[in-house]
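# Structure assessment
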Amino acid sequence: HTLLGTTTISSNVASVAINGIIDDTYDLYGIHITNVRFTTLGSSLMIEFSDSSTDYNLTMTNTAYYSAHYKTGSWYAITGTGGWAANSTHNTSTADNSHNGIIRLYDPSNTTFHKKFEAEFESGNYQIGAFYVKTAGSINTTSAVEKVRFSNNVHTEYTSPLMQAGIFRLYGVT
């Protein structure tokens, strides 16, 4: 693994973008996310991809497995599909709440095939305890994927919360 860049959040921001680093140097890129915290209850970490345009609107098709272990001792697991590659769980800024995970982006510069990705996230939650999601899918474009943006997946009943802390590290993998 070669560390290509680090973004550290220490004050409130709406999003974190990784631009100008993803190219054809590596066939596999990894993004490690550590202790991302939001300012408001109901926040979920969302990932969006972009080609050379300024929009982060590339369509994704993915499937996910979710599991949770409640502080009361009970647990659950479900599978499903969705549009968010790294949709973690509801979160507040208390001590046991943060998003942590790894995203793998395969062959993003290939212009023949759709791009594949997978992500694993663990999140603490003041109500649930531990929450885990594993997702994999396809970015439905033959254009090169050059940019990634992380933001809040805003739930309609909440105001638009900001990320208040966290570390994003981009690696090239040989």
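Before reading further, recall that the structure is shown in the block above.
Source: prediction; values computed, not measured.

Scanning the chain from terminus to terminus reveals zero helices and 11 strands. Secondary structure elements in the chain, listed N-terminal to C-terminal, are β-β-β-β-β-β-β-β-β-β-β. Looking at the 174 residues of the chain, the share that counts as buried comes to 45%. Taking the intrachain contacts of the chain between residues at least 6 apart in sequence as the baseline, contacts between residues at least 24 apart amount to 76%. On the chain, roughly 8,200 Å² of surface is accessible, and the fraction owed to carbon and sulfur atoms is 52%.

For any two aromatic rings, the description comes down to two numbers: the centre-to-centre distance and the angle of the planes. For the coordinates displayed, the defined rule picks out three aromatic pairs. Ring centres of Y26 and Y29 lie 5.7 Å apart, and the angle between their planes is 85°; this geometry places the pair in the edge-to-face category. Relative to F117, the ring of F49 has its centre 5.8 Å away and its plane inclined at 40°; by these criteria the two rings are tilted. Placement of F49 in strand β4 (residues 45-50) and of F117 in strand β8 (residues 115-125) is noted, with a sequence separation of 68 residues between them.

Quick look at the sheet that holds strand β10 (residues 147-152) now. Read across the sheet, three strands follow the order β2-β10-β4 without closing on themselves; strand pairing throughout is antiparallel. Here the strands that pair on one side only, and so sit at the sheet edges, are β2 (15-18) and β4. With strand direction ignored, the average angle separating the axes of adjacent strands in the sheet is 20°. In terms of strand pairing, β4 meets β10 through six bridges, oriented antiparallel. Residue E48 lies in a different strand from β10, and its bridge partner there is R149.

This part is about unusual backbone geometry. For N35, which is not glycine, the phi dihedral falls at a positive 50°. Within the secondary structure layout, N35 lies in strand β3 (residues 28-38). A positive phi is found at D107, a non-glycine position, where the angle reads about 45°. When you line up the elements, D107 lands in the loop between β7 (99-106) and β8. On the basis of relative accessibility, which here comes to 30%, the residue D107 falls in the partly exposed class.

Let us now look at the pattern of salt bridges. Counted by the stated rule, this structure contains five salt bridges. With its nearest N and O atoms 3.0 Å apart, the salt bridge here joins E48 to R149. Of this pair, E48 sits in strand β4 while R149 is found in strand β10, placing the two residues 101 residues apart along the sequence. Classification of E48 as buried rests on a relative accessible area of 14%. A salt bridge links R104 to E120, with the shortest nitrogen-to-oxygen separation between them at 3.6 Å. With R104 in strand β7 and E120 in strand β8, this pair connects stretches of sequence that are 16 residues apart. A single network of salt bridges, built from pairs that share partners, joins R104, E118, E120 and K134.

Here we take up the nonpolar core. Ranked by internal contacts, the top residues of the largest apolar core, which has 32 residues, are I33, F49 and F150. Of the residues forming this core, the biggest block, five residues, is contributed by β3. Setting aside residues up to four positions removed in sequence, I33 forms contacts with L45, H99, N100, G101, I103, F121, F150, I167 and F168.

Turning next to the side chain of S138. As for its placement among the helices and strands, S138 is situated in strand β9 (residues 129-139). Among the polar contacts made by the side chain of S138, one reaches the side chain of N140 at a distance of 3.3 Å. Not counting the four nearest positions on each side in its chain, S138 is found in contact with T59, M60, T61, H114, K115, K116 and F117.

This paragraph deals with a negative patch on the surface. Where like charges cluster on the molecular surface, the negative patch consists of D23, D24, D27 and E146. With respect to the helices, strands and loops of the structure, D27 is situated in the loop between β2 and β3.

What counts, and where the lines are drawn
- Residues numbered from 1 in each chain as written.
- Predicted model: local features only at pLDDT ≥ 70, side-chain atom pairs only at ≥ 80, totals over all residues.
- Heavy atoms only, no water.
- Helix = DSSP H or I, 4+ residues; strand = E, 2+ residues; numbered from the N terminus.
- Buried < 20%, exposed > 50% of the residue type's maximum accessible area, 1.4 Å probe, protein only.
- Contact = heavy atoms within 4.5 Å.
- Areas by Shrake-Rupley, 256 points an atom, 1.4 Å probe, with all protein chains shown as cover.
- Phe/Tyr/Trp six-rings, centres within 6.5 Å; stacked < 30°, edge-to-face > 60°.
- Pairing = 2+ DSSP bridges.
- Axes fitted to C-alpha atoms, helices over the stretch in contact; angles between N-to-C directions.
- Salt bridge = Lys/Arg side-chain N within 4 Å of Asp/Glu carboxyl O.
- Core = buried A, V, L, I, M, F, W, Y, C linked by side-chain atoms within 4.5 Å.
- Polar contact = N/O pair within 3.5 Å; in protein donor to acceptor, adjacent residues only side chain to side chain.
- Patch = residues over 30% accessible without salt bridge, like charges linked within 9 Å, V, L, I, M, F, W, Y side chains within 5 Å.
- Lys, Arg positive; Asp, Glu negative; His and termini not counted.
- Charge placed at Lys NZ, Arg CZ, Asp CG, Glu CD.

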